[in-house]
Amino acid sequence: LDYDYRLRINAYRALSRLGTAGSAEQREQAFQVVFRGLKTETDPLARMYAASMIGMFKDPRPAWDLVRVLRDATGQYRSDQRAGCVKSLRAISGKTKDEIPFGAELEGDAFDAQLRLWEEWFKGQGGEIPAGESLDEVRRAQRAAGPTSKPTPEPGSDTTEDSSND
């Protein structure tokens, strides 16, 4: 969807309602639009809505993408993206807060320990984690790369670089 992020958010919200209604064909078409948003959305707020709404379809296909967004969420909407992912993972998996606890505000080892539980659930369902994308592999690569020289600005932030020498 190549529209303003607010329009995309409303589209994800409206389409997710077809997760429990409509014909099988309508549900699949709606699912594909929201799933594409989860995988490719560049606006963090719109991605948070796609992550939060995809669980309404109760379809396991986006499970790994949800774990990936959960792991990689950054910026102003990090906690909201994490909470949306967990909401959908719970809807897909049937797992409760007692079975797989998760705190969207956690960081460091506490966050990693809880994320590993979702990775283990995914593998237990027969899911294959793509090469280089397990939490342990990602953290090893991050440590090997060392600290970044400058943080990546959030989309829409007012930090532009001088490109006069380009």
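Here we summarise the structure given alongside this text. (Residues numbered from 1 in each chain as written. Predicted model: local features only at pLDDT ≥ 70, side-chain atom pairs only at ≥ 80, totals over all residues. Heavy atoms only, no water.)

Comments concerning the overall build of the protein
Then step 1. In terms of regular secondary structure, the protein is built from 7 helices and 0 strands.
Then step 2. Secondary structure elements of the protein occur, N-terminal to C-terminal, as α-α-α-α-α-α-α.
Then step 3. The buried share of the protein, taken over its 166 residues, is 38%.
Then step 4. In the protein, 57% of the contacts between residues at least 6 apart in sequence involve partners at least 24 apart.
Then step 5. A total accessible area of about 10,000 Å² is found for the protein, and carbon and sulfur atoms account for 49% of it. (Helix = DSSP H or I, 4+ residues; strand = E, 2+ residues; numbered from the N terminus. Buried < 20%, exposed > 50% of the residue type's maximum accessible area, 1.4 Å probe, protein only. Contact = heavy atoms within 4.5 Å. Areas by Shrake-Rupley, 256 points an atom, 1.4 Å probe, with all protein chains shown as cover.)

As for the side chain of Gln81
Then step 1. Within the secondary structure, Gln81 is located in helix α5 (residues 78–93).
Then step 2. With residues up to four places along the chain from it excluded, the contact list for Gln81 reads Pro44, Arg47, Met48, Val69, Ala73 and Thr74.

Considering the pattern of salt bridges
Then step 1. Under the definition given, this model contains 12 salt bridges.
Then step 2. For Asp112, the salt bridge goes to Arg139, with nearest N and O atoms at 2.8 Å. Note that Asp112 is positioned in helix α6 (residues 108–124) and Arg139 in helix α7 (residues 135–145), a separation of 27 residues in sequence.
Then step 3. Note on Asp112: relative accessible area 9%, which makes it buried.
Then step 4. You can call Arg139 buried: its relative accessible area is 17%.
Then step 5. The network of salt bridges with shared partners includes Glu28, Asp59 and Arg61. (Salt bridge = Lys/Arg side-chain N within 4 Å of Asp/Glu carboxyl O.)

A word on the nonpolar core
Then step 1. Ranked by size, the top nonpolar core spans 34 residues in total, and within it Leu38, Ile54, Leu66, Leu70, Trp118 and Trp121 carry the most contacts.
Then step 2. Ignoring anything within four residues of it in the chain, the contact list for Leu66 reads Leu38, Ala51, Ile54, Cys85, Ser88, Leu89 and Ile92. (Core = buried A, V, L, I, M, F, W, Y, C linked by side-chain atoms within 4.5 Å.)

Points about helix α2 (residues 24–40)
Then step 1. The end-to-end C-alpha separation of α2 is 24 Å, in line with the 24 Å expected for 17 residues at 1.5 Å each.
Then step 2. On the buried face of α2, the contacting elements are α1 (5–16), α3 (44–53) and α4 (63–72). (Expected span 1.5 Å × (residues − 1).)

Considerations on the environment of Met56
Then step 1. The topology assignment puts Met56 in the loop between α3 and α4.
Then step 2. In this structure Met56 comes out as partly exposed when scored by relative accessible area, which is 34%.
Then step 3. In this structure Met56 touches Ser16, Gly19 and Thr20, once residues within four positions along its chain are discounted.

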